[in-house]
Amino acid sequence: MLEKTLSIIKPDAVKAGYSGKIIAILEENGFEIKAMKKIKLTKKQAEGFYIVHKDRPFYDSLTTFMSSGSIIVMVLEKENAIADYRELMGATDPSNAKPGTIRALYAKNIEENAVHGSDSKESTDFEIPYFFSALEIL
Ligand code: CMP
């Protein structure tokens, strides 16, 4: 089934100049970019995006990191996009990520882990409209 998912290139990867390489990997793996923008979140906006993690010990640090620099937010489309993009990203902790995955190649550590991807259809229903209106998605 043709599906959409939300992808974020995080501040660590944008700062390090990996955006182009990551976007190339997405296209090489059959993901179509339906919408894309470079933005900088406020701490409050990062907190709103990661609200599901509000009770986790890393919530404050994560949202400080995610508002520390520019990010690139994309809507990707492909058959089975949600699961396939998670596979392509690799494990949250790059020390557990399979070789060749985006996080194995470009993540620094479990928090500064280069990219985000929605983990379910329910998440895309919250995450895509958090950044894009229907009119911005091709
Ligand atoms: P992401 O896929 O964006 O979803 C939640 C984020 O929280 C995750 O990537 C990491 O950036 C961060 N994260 C998850 N687990 C931890 C952890 N144990 N310590 C610090 N940050 C974490």
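Criteria and cut-off values
Residue positions are counted from 1 within each chain, in the order its sequence is given. It should be noted that, the model being predicted, local features are given only for residues of pLDDT at least 70 and side-chain atom pairs only at 80 or more, the latter also being counted only at that level, while totals for whole chains, interfaces and linings use all residues. Neither water nor hydrogens contribute to the side-chain values; these are computed over all heavy atoms in the structure. Strands here are runs of E lasting at least two residues and helices are runs of H or I lasting at least four, both read from the DSSP assignment and numbered beginning at the N terminus. The size measure is the radius of gyration over C-alpha atoms, and the globule rule it meets is 2.2 Å times the number of residues to the 0.38 power. Note on classification: 1.4 Å probe, protein chains only; a residue is buried when its accessible area is under 20% of the maximum for its type, exposed when over 50%, partly exposed between these limits. The method behind every accessible area is Shrake-Rupley, applied with a 1.4 Å probe, and residues are considered shielded solely by the protein chains displayed. Note on charges: Lys and Arg go in the positive column, Asp and Glu in the negative column, and His and the chain ends are not counted at all. A charged residue contributes its charge at one atom only: NZ of Lys, CZ of Arg, CG of Asp or CD of Glu. Neighbouring residues are identified by heavy atoms, a residue being near a molecule or strand if any of them is within 4 Å of it. N or O atoms closer than or at 3.5 Å make up a polar contact, with two conditions inside protein: a donor-capable atom paired with an acceptor-capable one, and, for residues adjacent in sequence, both atoms drawn from side chains. In this classification, Asp, Glu, Lys and Arg are treated as charged, Ala, Val, Leu, Ile, Met, Phe, Trp, Tyr, Cys and Pro as nonpolar, and every other residue, Gly included, as polar. Residues qualify for a patch when their relative accessible area is over 30% and they have no salt bridge, like charges being joined within 9 Å and the nonpolar side chains of Val, Leu, Ile, Met, Phe, Trp and Tyr within 5 Å. In what follows, salt bridge is the name for a side-chain nitrogen of Lys or Arg lying within 4 Å of a carboxyl oxygen of Asp or Glu. Of all possible arcs, the one meant is that of the directions from the helix axis to the C-beta atoms. We call two strands paired when DSSP finds no fewer than two bridges between them. Every axis corresponds to a line fitted to the C-alpha atoms, with the helix fit spanning only the stretch in contact, and the corresponding angles, defined between N-to-C directions, vary from 0 to 180 degrees. Residues count as neighbours in contact if any of their non-hydrogen atoms are within 4.5 Å of one another.

### Here's the deal with the overall build of the protein chain
Along the protein chain, the regular secondary structure elements total 7 helices and 4 strands. Ordered by position from the N terminus, the helices and strands of the protein chain form the series β-α-α-β-α-α-β-α-α-β-α. Whereas a compact globule of 138 residues would reach a radius of gyration of roughly 14 Å, the protein chain reaches 14 Å, a difference of no more than 12%. C-alpha extents for the protein chain along the principal axes are approximately 35 × 35 × 25 Å. Scored against the burial criterion, the 138 residues of the protein chain give a buried share of 48%. Counting every atom, the protein chain has about 7200 Å² of accessible surface; 55% of that belongs to carbon and sulfur. If the 18 positive side-chain charges of the protein chain are averaged to one point and the 20 negative ones to another, these points end up 5 Å apart.

### What to know about the site of the ligand
Around the ligand, the structure places Lys10, Tyr50, His53, Phe58, Leu62, Thr92, Arg103, Ile110, Glu111, Asn113 and His116. Within the backbone of Glu111, an N or O atom sits 2.9 Å from an oxygen atom of the ligand. At a separation of 3.2 Å, an oxygen atom of the ligand approaches a polar side-chain atom of Asn113. Surface burial for the ligand is 79%, taken as the share of its 460 Å² of free accessible area covered by protein chains. Taken together, the residues of the shell around the ligand break down into 4 nonpolar, 4 polar and 3 charged.

### What to know about a nonpolar patch on the surface
On the surface, Ile51, Val52, Phe126 and Tyr130 cluster together into a nonpolar patch covering about 370 Å² of accessible area. Its place among the elements puts Phe126 in helix H7 (residues 121–131).

### As for H7
The α-helix advances 3.6 residues per turn, and as a result positions three or four apart in sequence lie on the same side. Of all the positions in H7, only Ser123, Thr124, Glu127, Ile128 and Phe131 are classed as buried. Buried residues in H7, looked at end-on, bunch into an arc of 110°, giving them a common side. Opposite the buried face of H7, at more than 90 degrees from it, the exposed residues are Glu122 and Pro129.

### What about the sheet that holds strand E1 (residues 2–9)?
Strand order across the open sheet formed by 4 strands is E2-E3-E1-E4, with antiparallel pairing between neighbours. The strands lining the two open edges of the sheet, one partner per strand, are strand E2 (32–39) and strand E4 (115–117). The sheet shows a mean angle of 20° between the axes of neighbouring strands, direction not considered. As judged from the 8 bridges shared by E1 and strand E3 (residues 71–79), these two strands associate in the antiparallel manner. Within the sheet, the bridge partner assigned to Ile8 lies in E3 and is Val73. Of the strands in this sheet, E1, E3 and E4 touch helix H5 (residues 81–89), which is tilted by about 35° from E1.

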